[in-house]
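Structural characterization, general
This is what each chain is made of:
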Amino acid sequence: MDLLALADFNLVARHGGFGRAARATGRPKATLSRRAAELENSLGLRLFERGARALKLTQEGKDLHERTSRLLTEVEETAAAIASGDREPRGNLRISAPLLFSQLAMGKLAAGFSLKYPDVILEVTTEDRAVDMVEEGYDLAIRVNPRSDESLVGRVFMRDRLVIVASPQVARPQDGDAAPAVVRSSDRGLSLWNIKPDTGPTTIAFTPVLSLSSLIMVRDAVVMGVGAARLPVSLVSHDLAAGTLVHWGDVDGPDTALWTLYPSRRLLNARVSAFLDHLRGAFPKGTPDELAAFIRI
């Protein structure tokens, strides 16, 4: 396969047309068109649907673009780094991170990373859904207890645990009674919290009185005395220490694990490696206390 033709194909695919690619790069439109045709002939596939006014990738063209564009970028960056003798991270770094971790920590993490690596253009998108990293162009994803995915590799960098807390003015329920509770919208079908035996009774019944979509909103409502809630200990540790919240028990179940994930079918680039090192520097032990302290610094 002609790598120059492949590079020109990706150029056209990225810009959405021969004319746009030519204007953006100063390359002759005829050369780009010829190279794309040569690649199609060598593969025996049609990569573009050429309409009178629009150019669209075929399914084969989309597949080829998705699988080769990042590889070519890696080759270009590696060659440039070797030629300059400079292994400092540079270029674009796209990260997807969950809502709560982003609200608590990503602003300071991103700022510290940008100050350390000014040649990296960092873009952080906040969302709790499982993104398609290759399809959507992410270099790194931070996820809470992610499902197993053979196309991704990763590591745990932080562990947290869930606790039941309430304002001191909210009475802990007696046997058979239910506590008023502030819940996340996704937990509205629940009516019972299971508690670790060494931290309280084995169950606490509750009745939702307020449903909110953000754990920070839940925490704020609990501090106001609306009811009890199930929250990460890192989010409420300072409130517990100050006495504005009281601890009813630890939730019975596995710890919450925060993972860093990245595609396994390409080499780990210098930008991702640098951000992973940055995370390890911020949270060397990966404990809830470290996250709580980071939030307050």
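**A closer look at the overall build of the chain**
Scanning the chain from terminus to terminus reveals 10 helices and 13 strands. Expected size for 297 residues packed as a compact globule is a radius of gyration near 19 Å; at 25 Å, the chain overshoots this value by more than 25%. Seen through its C-alpha atoms, the chain measures out along the principal axes to roughly 80 × 45 × 30 Å. A burial count over the chain gives 41% of its 297 residues as buried. Expressed as a percentage of contacts within the chain between residues at least 6 apart in sequence, the contacts between residues at least 24 apart total 74%. Carbon together with sulfur atoms contributes 53% to the accessible area of the chain, which is approximately 16000 Å² in total. Charge separation in the chain, taken as the distance between the mean sites of 37 positive and 36 negative side-chain charges, equals 5 Å.

**Brief notes about the side chain of serine 214**
Turning to its location among the elements, serine 214 is positioned in the loop between strand S10 (203-212) and helix H7 (215-223). Exposure remark for serine 214: the relative accessible area of 9% places this residue in the buried category. Here isoleucine 216 takes part through its backbone nitrogen, which lies 3.2 Å from a polar atom of the side chain of serine 214.

**Points about the packing of helix H1 (residues 3-15) against helix H2 (residues 18-25)**
Their axes nearest at 8 Å, the elements H1 and H2 cross at an angle of 105°. By the angle class used here, H1 and H2 are roughly perpendicular. Residues Leu11, Val12 and His15 of H1 lie in contact with H2, whose contacting residues are Phe18, Arg20, Ala21, Ala24 and Thr25. For the contact of H1 with H2, a count of residues per class yields five nonpolar, two polar and one charged.

**A word on the sheet that holds strand S3 (residues 91-97)**
Taken in spatial order, the five strands line up as S4-S3-S5-S13-S6 in an open sheet, and their pairing is mixed. Strand pairing shows two members of the sheet lacking a second neighbour, strand S4 (120-126) and strand S6 (152-160), which therefore form its edges. Neighbouring strand axes in the sheet, compared pairwise and without regard to direction, differ in orientation by 20° on average. Looking at chain direction, S3 and strand S5 (residues 140-144) are connected through two bridges and run parallel. Within the sheet, the bridge partner assigned to isoleucine 95 lies in S5 and is leucine 140.

**Concerning the sheet that holds S10**
Strand order across the open sheet formed by three strands is S8-S10-S9, with mixed pairing between neighbours. Pairing within the sheet leaves two strands with one partner each, and these edge strands are strand S8 (179-184) and strand S9 (192-194). On average, adjacent strands in this sheet sit at an angle of 55° to one another, irrespective of strand direction. In the sheet, S9 pairs with S10 via three bridges, with the strands oriented antiparallel. Note on S10: the bridge partner recorded for asparagine 194 is threonine 203.

**Concerning the pattern of salt bridges**
On inspection of all chains with the given rule, the structure shows 12 salt bridges. Taking the shortest distance from any N to any O, the salt bridge between aspartate 8 and arginine 35 comes out at 2.6 Å. Here arginine 35 lies in helix H3 (residues 29-43) and aspartate 8 lies in helix H1, a separation of 27 residues in the sequence. Ionic pairing is found between glutamate 49 and arginine 46, a salt bridge with its closest N-O pair at 3.0 Å. Judged by its relative accessible area of 37%, glutamate 49 is partly exposed. Since its relative accessible area comes to 51%, arginine 46 is described here as exposed.

Criteria and thresholds
- Per chain, residues are indexed from 1 in the order of the written sequence.
- The predicted origin of the model limits local features to residues at a pLDDT of at least 70 and limits the giving and counting of side-chain atom pairs to 80 or more, whereas totals for whole chains, interfaces and linings rest on all residues.
- Hydrogens and waters are ignored; side-chain quantities use all the structure's heavy atoms.
- Note on conventions: DSSP H or I runs of at least 4 residues are helices, E runs of at least 2 residues are strands, and numbering of each starts at the N terminus.
- As defined in this context, the radius of gyration uses C-alpha atoms, and a globule is described by 2.2 Å times the residue total to the power 0.38.
- Whether a residue is buried, partly exposed or exposed follows from its accessible area with a 1.4 Å probe, protein chains only, as a fraction of its type maximum: under 20%, in between, or over 50%, in that order.
- Any two residues whose heavy atoms approach within 4.5 Å are treated as being in contact.
- Note that accessible areas follow from Shrake-Rupley with a 1.4 Å probe, and for residues the cover is restricted to the protein chains shown.
- A positive count includes Lys and Arg, and a negative count includes Asp and Glu. His and the chain ends are not counted in either.
- By convention, the charge on Lys lies at NZ, on Arg at CZ, on Asp at CG and on Glu at CD.
- Two N or O atoms count as a polar contact when they lie within 3.5 Å, although within protein this holds only if one can serve as hydrogen donor and the other as acceptor, and sequence-adjacent residues are included solely when both atoms are side-chain atoms.
- Interaxial angles span 0 to 180 degrees and are taken between N-to-C directions of axes, which are lines fitted to C-alpha atoms, for helices over the stretch in contact.
- Each angle receives one of four descriptions, namely roughly parallel if under 35 degrees, roughly antiparallel if over 145, roughly perpendicular if within 65 to 115, and oblique otherwise.
- Under the scheme applied, nonpolar residues are Ala, Val, Leu, Ile, Met, Phe, Trp, Tyr, Cys and Pro; charged residues are Asp, Glu, Lys and Arg; polar residues are all the others, including Gly.
- Paired strands, as defined in this entry, are two strands with at least two bridges between them according to DSSP.
- In the sections that follow, a salt bridge refers to a side-chain nitrogen of Lys or Arg positioned within 4 Å of a carboxyl oxygen of Asp or Glu.

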